[in-house]
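Given next are the chains, with one letter for each unit.
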Amino acid sequence: MHQPKGLSEYVDMAPLVFFLGGTHQISAEMTPVLSAHPQVMATLVLLLSALSLAAGGKLLVVPVDGSPWLSMREVLDGLRQKGHEIVVVAPEVNLYIKPTKNSVMKMYPVPFTQEEMDENFHAFSRDIFEEGSFLERFLKVYQRMKRVSDLVISSCAHLLYNKELVRYLEESKFDAVLTDPVLPCGQILAEHLSVPSVFFLQGIPCGLDFEATQCPNPPSYVPRIFTEHTDHMNFLQRVKNLIFDIPNYFLCDFVFQPYAKLASEFLQRDVTVPDLLRQGSIWLMRLDFVLEYPRPLMPNMVVIGGVNCAHKKLPQAAIPFHF
């Protein structure tokens, strides 16, 4: 059962709330707790008021390439307009991560070519959307994920063991790390730098986001991937939903175990990927329950679905509403 946060925990969290734009970004789940603790609310308001008078913060960004980066880029533009200093760390070989005027880009070399990466990522995208039986789709995705995983693990290792770049990051004294935990390289770096982390994600394979946050994940109404079920299932569909969780253990083993080994070696202590993910201070979930099936949320999860959508005015005919 989730316990209400104490005063010290909210004070530790305040810089992260400040990064995200102020008190109006605190999730709805926190409201009852704050209402029940007026001293906590008063302290937060006082602290955030003081922060708003100070200079902008310093944010380290360790993005995941592809569509996650395209979504994150919109958020970074907004943070830069608020006066925050942003440093983005990325491999020299990538799909979409390019220098922008709103951030400092720090790139590091990797041991593979642009052609190798493009071929593997495009083939992975094709395999996901191919039709066929569950077993055929699972085996294809498994094999392709193994190849893609080898590339990203190699990229992560070359970031962590780039002594010159890591020394620069250590000396920069960042206030927080913004990263997508689907590839936990950014969180390994956050642990090394001893700074709080903000997660920006849509979801993590194998339900690790549920495990790391101790969020309920009942197979009775949270549909599993590939099942094509909705949140309304009969008994047999619920049994099938439960069975479809079994392959996740194999997927997680080869996808995330190398990160656990790399993190343990780099941090010089035994850690698992769930251990790393539990350190996330705020989870910014790119979900929208207009499109997603219902699922539980924890108090440090903030739903921001549509944050990367184009903003257009409604046509005049759609504006008037009568209640």
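Below, the structure is looked at part by part. (Residues numbered from 1 in each chain as written. Predicted model: local features only at pLDDT ≥ 70, side-chain atom pairs only at ≥ 80, totals over all residues. Heavy atoms only, no water.)

### Focus: the state of the cysteines
Turning to step 1, where the next piece is worked out: Across all of its chains, the model carries one disulfide by this definition.
Turning to step 2, where the next piece is worked out: Between the sulfur atoms of Cys 156 and its disulfide partner Cys 185 the distance amounts to 2.2 Å. On the S-S bond that ties Cys 156 to Cys 185, the torsion sits near 95 degrees, and the link is right-handed. In this pair, Cys 156 sits in helix α6 (residues 134-160) while Cys 185 sits in helix α8 (residues 185-193), placing the two residues 29 residues apart along the sequence. Comparing Cys 156 with Cys 185, the two get one shared label, buried. (Disulfide = S-S within 2.5 Å. Helix = DSSP H or I, 4+ residues; strand = E, 2+ residues; numbered from the N terminus. Buried < 20%, exposed > 50% of the residue type's maximum accessible area, 1.4 Å probe, protein only.)

### Topic: the pairing of strand β6 (residues 280-285)
Turning to step 1, where the next piece is worked out: Taking burial as the measure, the six residues of β6 include five buried ones, the bulk of the element.
Turning to step 2, where the next piece is worked out: Relative to strand β7 (residues 301-303), β6 runs parallel, the two being bridged by three bridges. Within the sheet, the bridge partner assigned to Trp 283 lies in β7 and is Met 301. (Pairing = 2+ DSSP bridges.)

### Observations regarding the nonpolar core
Turning to step 1, where the next piece is worked out: Ranked by size, the top nonpolar core spans 56 residues in total, and within it Leu 60 and Trp 283 carry the most contacts.
Turning to step 2, where the next piece is worked out: Top element by residues in this core is helix α11 (residues 246-267). It accounts for 10 residues.
Turning to step 3, where the next piece is worked out: Setting aside residues up to four positions removed in sequence, Leu 60 forms contacts with Val 87, Val 89, Leu 169, Phe 174, Ala 176, Val 177, Leu 178, Leu 189 and Leu 193. (Core = buried A, V, L, I, M, F, W, Y, C linked by side-chain atoms within 4.5 Å. Contact = heavy atoms within 4.5 Å.)

### Describing the environment of Gly 56
Turning to step 1, where the next piece is worked out: Along the polypeptide, Gly 56 turns up in the loop between α3 (38-53) and β1 (58-62).
Turning to step 2, where the next piece is worked out: Look at Gly 56 and you get partly exposed, because its relative accessible area is 35%.
Turning to step 3, where the next piece is worked out: Along the sequence, Gly 56 and Leu 79 sit 23 residues apart, while their C-alpha atoms lie 9.2 Å from each other.
Turning to step 4, where the next piece is worked out: Once you skip the residues sitting within four places of it in the chain, Gly 56 turns out to touch Gly 83 and His 84.

### With respect to the packing of helix α7 (residues 163-172) against α8
Turning to step 1, where the next piece is worked out: In the contact formed by α7 and α8, the axes pass within 10 Å of each other and the chain directions differ by 55 degrees. In terms of axis orientation, α7 runs oblique to α8. The crossing of α7 and α8 is right-handed. Residues Val 166, Leu 169 and Glu 170 of α7 pack against Leu 189, His 192 and Leu 193 of α8.
Turning to step 2, where the next piece is worked out: A breakdown of the residues in the contact of α7 with α8 according to their chemical character gives four nonpolar, one polar and one charged. (Axes fitted to C-alpha atoms, helices over the stretch in contact; angles between N-to-C directions. Parallel < 35°, antiparallel > 145°, perpendicular 65-115°, else oblique. Left-handed = near helix turned anticlockwise from the far one by under 90°. Nonpolar A, V, L, I, M, F, W, Y, C, P; charged D, E, K, R; others polar.)

### Some remarks on the pattern of salt bridges
Turning to step 1, where the next piece is worked out: One pass over the structure, following the stated rule, counts four salt bridges.
Turning to step 2, where the next piece is worked out: Among the ionic pairs, Arg 269 bridges to Glu 191, the shortest N-O distance being 2.7 Å. Of the two residues, Arg 269 is situated in the loop between α11 and α12 (273-277) and Glu 191 in helix α8; the sequence distance between them amounts to 78 residues.
Turning to step 3, where the next piece is worked out: We classify Glu 191 as partly exposed; its relative accessible area is 21%. (Salt bridge = Lys/Arg side-chain N within 4 Å of Asp/Glu carboxyl O.)

### Here we look at the packing of aromatic side chains
Turning to step 1, where the next piece is worked out: In this structure the tally under the stated criterion is two aromatic pairs.
Turning to step 2, where the next piece is worked out: Each ring, one from Tyr 161 and one from Phe 266, has its centre 5.6 Å from the other, and the planes form 80 degrees; the classification is edge-to-face. With Tyr 161 in the loop between α6 and α7 and Phe 266 in helix α11, this residue pair connects regions lying 105 residues apart in the sequence.
Turning to step 3, where the next piece is worked out: Look at Phe 199 and Trp 283: their rings are 4.9 Å apart centre to centre, the planes differ by 90 degrees, and that puts the pair in the edge-to-face class. Of this pair, Phe 199 sits in strand β5 (residues 197-201) while Trp 283 sits in strand β6, placing them 84 residues apart in sequence. The same class applies to Phe 199 and to Trp 283, which are both buried.
Turning to step 4, where the next piece is worked out: Seen from the ring of Phe 174, Lys 58 lies directly overhead, with NZ or CZ sitting 5.8 Å from the centre.
Turning to step 5, where the next piece is worked out: Above the face of the Tyr 168 ring, Lys 106 is positioned so that its terminal group lies 4.4 Å from the ring centre. (Phe/Tyr/Trp six-rings, centres within 6.5 Å; stacked < 30°, edge-to-face > 60°. Lys NZ or Arg CZ within 6 Å of the ring centre and 35° of its normal.)

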